[in-house]
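As a plain string of letters, each chain reads:
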Amino acid sequence: MLKIDHLQKQYGSFRLDCSLEVRPGCITGLVGQNGAGKSTTFKAVLGLISRDGGEITILGKPEREFTARDREALGVVLADSGFCGYLAVRDVIPILRSLYKKFDQEFFEEQARKFQLPMDKKIKEFSTGMKAKLKVLAAVSHNARLLILDEPTAGLDVMARDELLELLKDYMDSDEERAILISSHISSDLESICDDLYMIHEGRILLHEETDVLLDSYGLLKVSPEQYRRLDQQFLLRVKRESYGYSCLTDQKQFYLENYPEIVVEKGSIDEVITMMVKGAEV
């Protein structure tokens, strides 16, 4: 559905070098801190900025050959864009109908009612959550094959995030050939819906892993200096010095549970894995 091979872009001291792949039927997450390169990657994929190197293939075609008609198969939400605030939801409908031959007005209106988006109220009067719901709704209402969503849940409360994530799950359930690339710095959102995750930091992909594997097999070892010296380090990915000794990231949690019952082994959340990959030292 989407393949990025060493996408490169430089802004001053920031340099992006990103490779990732989104497979059919999968929700792929790109997670990282603000400024890590998520939005730059998305804009380069969409041809909104030039790239300094690398190749991008979308739905089987090189990005440079992607036509306006081809782009109808994409549903896009960008963090720093949206509809004109002086429009009402009712005004958005003819715009979407003219842009997308497969725009489903009945579905759009039904979901707008479900999300409590008033049809005649100006968008500038909407809350942050309402604006986010409208952007995602527009992206999923024209039978897109691939969604590219940059921080779609940013600034939303828990209830609003849950509603948007449920909409994305429904979108995927209705067609197994669809796919989503979604970025967020709210890792709990991605844990619940993504099949695999890429972690990006300072323009580089630090880790790619299936979400289930990451949550089940990765762990944090909390050990004293003496325990660390006796530890088999072949399965350690990162180590960080702590006041009590060392915190160690592993992708073989079960090995240490079985062979070192005396040490503390904690389940690693996505946030903790990111922190260790960024701040921990390589073993």
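Scroll up to find the structure.
Residues numbered from 1 in each chain as written. Predicted model: local features only at pLDDT ≥ 70, side-chain atom pairs only at ≥ 80, totals over all residues. Heavy atoms only, no water.

1. Some details on the overall build of the protein
For step 1, the next point in the chain: In terms of helices and strands, the protein carries 10 helices and 15 strands.
For step 2, the next point in the chain: For the protein, the C-alpha atoms occupy an extent of roughly 70 × 40 × 35 Å along the three principal directions.
For step 3, the next point in the chain: Counting contacts in the protein only where the partners sit at least 6 residues apart, residues at least 24 apart contribute 68% of the total.
For step 4, the next point in the chain: Carbon and sulfur atoms form 45% of the exposed surface of the protein, whose accessible area is close to 13,800 Å².
For step 5, the next point in the chain: Side-chain charges in the protein split into 37 positive and 47 negative, and the spacing between the mean points of these groups amounts to 6 Å. (Helix = DSSP H or I, 4+ residues; strand = E, 2+ residues; numbered from the N terminus. Contact = heavy atoms within 4.5 Å. Areas by Shrake-Rupley, 256 points an atom, 1.4 Å probe, with all protein chains shown as cover. Lys, Arg positive; Asp, Glu negative; His and termini not counted. Charge placed at Lys NZ, Arg CZ, Asp CG, Glu CD.)

2. Points about the sheet that holds strand β14 (residues 264–267)
For step 1, the next point in the chain: Spatially, five strands are ordered β14-β11-β13-β12-β15 in an open sheet, and the strand pairing comes out antiparallel. Bordering the open sheet on either side are β14 and β15 (281–282), each of which pairs with just one other strand.
For step 2, the next point in the chain: Relative to strand β13 (residues 245–250), strand β12 (residues 236–242) runs antiparallel, the two sharing six bridges. Paired with Arg-241 across the bridge in β13 is Tyr-246. (Pairing = 2+ DSSP bridges.)

3. Observations concerning helix α2 (residues 89–99)
For step 1, the next point in the chain: Regarding α2, the residues found buried are Val-89, Val-92, Ile-93 and Leu-96. When α2 is viewed along its axis, its buried side chains cluster within an angular range of 110° and face the same direction.
For step 2, the next point in the chain: Buried residues along α2 sit in contact with α3 (105–114) and α4 (128–140). (Buried < 20%, exposed > 50% of the residue type's maximum accessible area, 1.4 Å probe, protein only. Arc of directions from axis to C-beta.)

4. A closer look at unusual backbone geometry
Negative phi characterises most residues that are not glycine, and trans characterises most peptide bonds.
For step 1, the next point in the chain: Despite not being glycine, Asn-143 has its phi angle at roughly 60°, a positive value.
For step 2, the next point in the chain: Positive phi is not limited to glycine here, since Glu-202 has a value of about 50°.

5. So, the pattern of salt bridges
Opposite charge on two side chains lets them pair, provided their charged atoms get close.
For step 1, the next point in the chain: This model, assessed by the stated rule, comprises 14 salt bridges.
For step 2, the next point in the chain: With its nearest N and O atoms 3.6 Å apart, the salt bridge here joins Glu-151 to Lys-38. With a gap of 113 residues between them, Glu-151 in the loop between β7 (146–150) and α5 (158–173) and Lys-38 in helix α1 (residues 38–45) connect regions that are remote in the sequence. There is no split in this pair, since Glu-151 and Lys-38 are both buried.
For step 3, the next point in the chain: Note that Glu-72 and Arg-69 form a salt bridge whose closest N and O atoms lie 3.4 Å from each other. (Salt bridge = Lys/Arg side-chain N within 4 Å of Asp/Glu carboxyl O.)

6. Some remarks on the side chain of Arg-161
For step 1, the next point in the chain: Mapped onto the elements of the fold, Arg-161 is located in helix α5.
For step 2, the next point in the chain: If we ignore the near neighbours within four places in the chain, the residues touching Arg-161 are Thr-153, Leu-156, Ile-186, Ser-188 and Asp-189.

7. Considerations on the packing of α4 against α5
For step 1, the next point in the chain: In contact at an axis separation of 11 Å, α4 and α5 are set at 5° when each is read in the N-to-C sense. In terms of their interaxial angle, α4 and α5 are classed as roughly parallel. Contacts from Ala-132, Lys-133, Val-136, Leu-137 and Val-140 in α4 reach Ala-160, Glu-163, Leu-164, Leu-167, Leu-168 and Tyr-171 in α5.
For step 2, the next point in the chain: Here the contact of α4 with α5 is built from residues that sort into nine nonpolar, no polar and two charged. (Axes fitted to C-alpha atoms, helices over the stretch in contact; angles between N-to-C directions. Parallel < 35°, antiparallel > 145°, perpendicular 65-115°, else oblique. Nonpolar A, V, L, I, M, F, W, Y, C, P; charged D, E, K, R; others polar.)

8. As for the environment of Leu-20
For step 1, the next point in the chain: Considering the arrangement of structural elements, one finds Leu-20 in strand β2 (residues 14–22).
For step 2, the next point in the chain: Among the residues examined, Leu-20 registers a relative accessible area of 3% and is labelled buried.
For step 3, the next point in the chain: Taking the C-alpha atoms as reference points, Leu-20 and Leu-7, separated by 13 residues in sequence, lie 9.2 Å from one another.
For step 4, the next point in the chain: The residues contacting Leu-20, other than those within four sequence positions of it, are Leu-2, Lys-3, Ile-4, Leu-30, Leu-181 and Tyr-198.

9. Some words on the nonpolar core
For step 1, the next point in the chain: Phe-108, Leu-147, Leu-168, Ile-180, Ile-182 and Leu-214 are the most contacted members of the largest nonpolar core, which has 53 residues in total.
For step 2, the next point in the chain: The greatest single-element share of this core, amounting to eight residues, is contributed by α4.
For step 3, the next point in the chain: In this view, Leu-168 contacts Val-136, Val-140, Leu-147, Leu-149, Ile-180, Ile-182 and Ile-193; residues no more than four positions away in its chain are not counted.
For step 4, the next point in the chain: Core analysis: the second largest hydrophobic core is formed by 28 residues, Cys-18, Ile-58, Phe-66 and Leu-74 among them. (Core = buried A, V, L, I, M, F, W, Y, C linked by side-chain atoms within 4.5 Å.)

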